[in-house]
Amino acid sequence: MTAAEARNVVPVRSCRPALRLVRLHLASRRVPVAVAVIVACTVALRLTLFRSWNTYGALQLPLIIETACAMAIAAATASPFGEPERATGRWLPYLRLGVATGLTVIAAGALA
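J.: Any details on the packing of helix 3 (residues 31-49) against helix 5 (residues 61-77)? Residues and values, ideally.
T.: With their axes 9 Å apart at the nearest point, helix 3 and helix 5 run at an angle of 175° to one another. Here helix 5 runs roughly antiparallel to helix 3, going by the angle between their axes. Here helix 3 contributes Ala34, Val37, Ile38, Cys41, Ala44, Leu45 and Thr48 to the contact with helix 5, which in turn contributes Leu61, Pro62, Ile65, Ala68, Cys69, Ala72, Ile73 and Ala76. A class-by-class count of the residues in the contact of helix 3 with helix 5 yields 14 nonpolar, one polar and no charged.

J.: Can you break down unusual backbone geometry residue by residue, with the values?
T.: The phi dihedral of arginine 30 falls on the positive side, at around 60°, and the residue is not glycine. Within the secondary structure, arginine 30 sits in the loop between helix 2 (16-28) and helix 3.

J.: Can you explain the side chain of threonine 48? Please cite residues and give values.
T.: One can find threonine 48 in helix 3. Residue threonine 48 is classed as buried on the basis of its relative accessible area of 16%. Looking at threonine 48, its side chain comes within polar contact range of the main-chain oxygen of leucine 45, at 2.8 Å.

J.: Before we move on, could you go through the state of the cysteines and cite the residues and values that matter?
T.: What we call a disulfide is simply a covalent bond connecting the sulfur atoms of a pair of cysteines. According to the stated counting rule, one finds zero disulfides in the structure shown. With no disulfide of its own, cysteine 41 has cysteine 69 as its nearest cysteine by sulfur position, at a separation of 4.0 Å. Look at cysteine 41 and you get buried, because its relative accessible area is 11%. A residue is classified by how much of its surface remains accessible, and cysteine 69, at 3% relative accessible area, is buried.

J.: How would you summarise helix 5 if you had to cite specific residues and measurements?
T.: Here helix 5 is 17 residues long and its end C-alpha atoms lie 25 Å apart, about the 24 Å a rise of 1.5 Å per residue gives. Residues of helix 5 that are buried include every one of Ile65, Cys69, Ala72, Ile73 and Ala76, and no others. Angular distribution of buried residues about the axis of helix 5 spans 95°; they occupy a single face of the element. Of the exposed residues in helix 5, those oriented more than 90 degrees away from the buried face are Leu63 and Met71. Those residues of helix 5 that are buried are in contact with helix 3 and helix 6 (92-111).

What counts as what
- Each chain carries its own residue numbering, running from 1 in the direction its sequence is written.
- Reporting in this predicted model follows two pLDDT cut-offs: at least 70 for local features of residues, and 80 or more for side-chain atom pairs to be given and counted; totals over whole chains, interfaces and linings ignore these cut-offs and use all residues.
- Hydrogen atoms and water are omitted, and side-chain values are computed over all heavy atoms in the structure.
- In this description, a line fitted to the C-alpha atoms serves as the axis of each element, helices being fitted only across the stretch in contact, and the angle between N-to-C directions of two axes falls anywhere from 0 to 180 degrees.
- Here a helix means four or more residues in a row that DSSP labels H or I, a strand means two or more in a row labelled E, and each is numbered from the N terminus.
- What sets the label is the angle itself: under 35 degrees gives roughly parallel, over 145 gives roughly antiparallel, 65 to 115 gives roughly perpendicular, and the rest give oblique.
- Here, residues are in contact when the closest pair of their heavy atoms is within 4.5 Å.
- The residue classification treats Ala, Val, Leu, Ile, Met, Phe, Trp, Tyr, Cys and Pro as nonpolar and Asp, Glu, Lys and Arg as charged. All others, Gly included, are polar.
- Exposure is judged per residue with a 1.4 Å probe applied to protein chains only, and the accessible area is read against the type maximum: over 50% gives exposed, under 20% gives buried, and values in between give partly exposed.
- N or O atoms closer than or at 3.5 Å make up a polar contact, with two conditions inside protein: a donor-capable atom paired with an acceptor-capable one, and, for residues adjacent in sequence, both atoms drawn from side chains.
- Disulfides are defined in this document as cysteine sulfur pairs within 2.5 Å.
- For a helix, the expected span equals 1.5 Å multiplied by the number of residues minus one.
- This arc is taken over the directions from the axis of the helix to the C-beta atoms.

Below you can see the structure in the form of structure tokens.
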């Protein structure tokens, strides 16, 4: 290989670092736990809808379950590291938006 050919070679970029960044971000935000809570709330809502409820407290049970899903999403979007996380890189706002949007879509799809 000559020097001219070496300049024309395009380096192959791996997507492994990006996937690792996403995986670590999801783990630090406790997204698997939030998804498990959303699934548990969905199962609880499905089970309560098979019974005939006629008291006022039981009529608010679906609202309580939906609120629990919203609390799981809010807990997953909070940062366990605080202020030092802001200086870590340029991809953090996109990852935060992706986590919030993804969990909201999962909750809406599961509760529908």
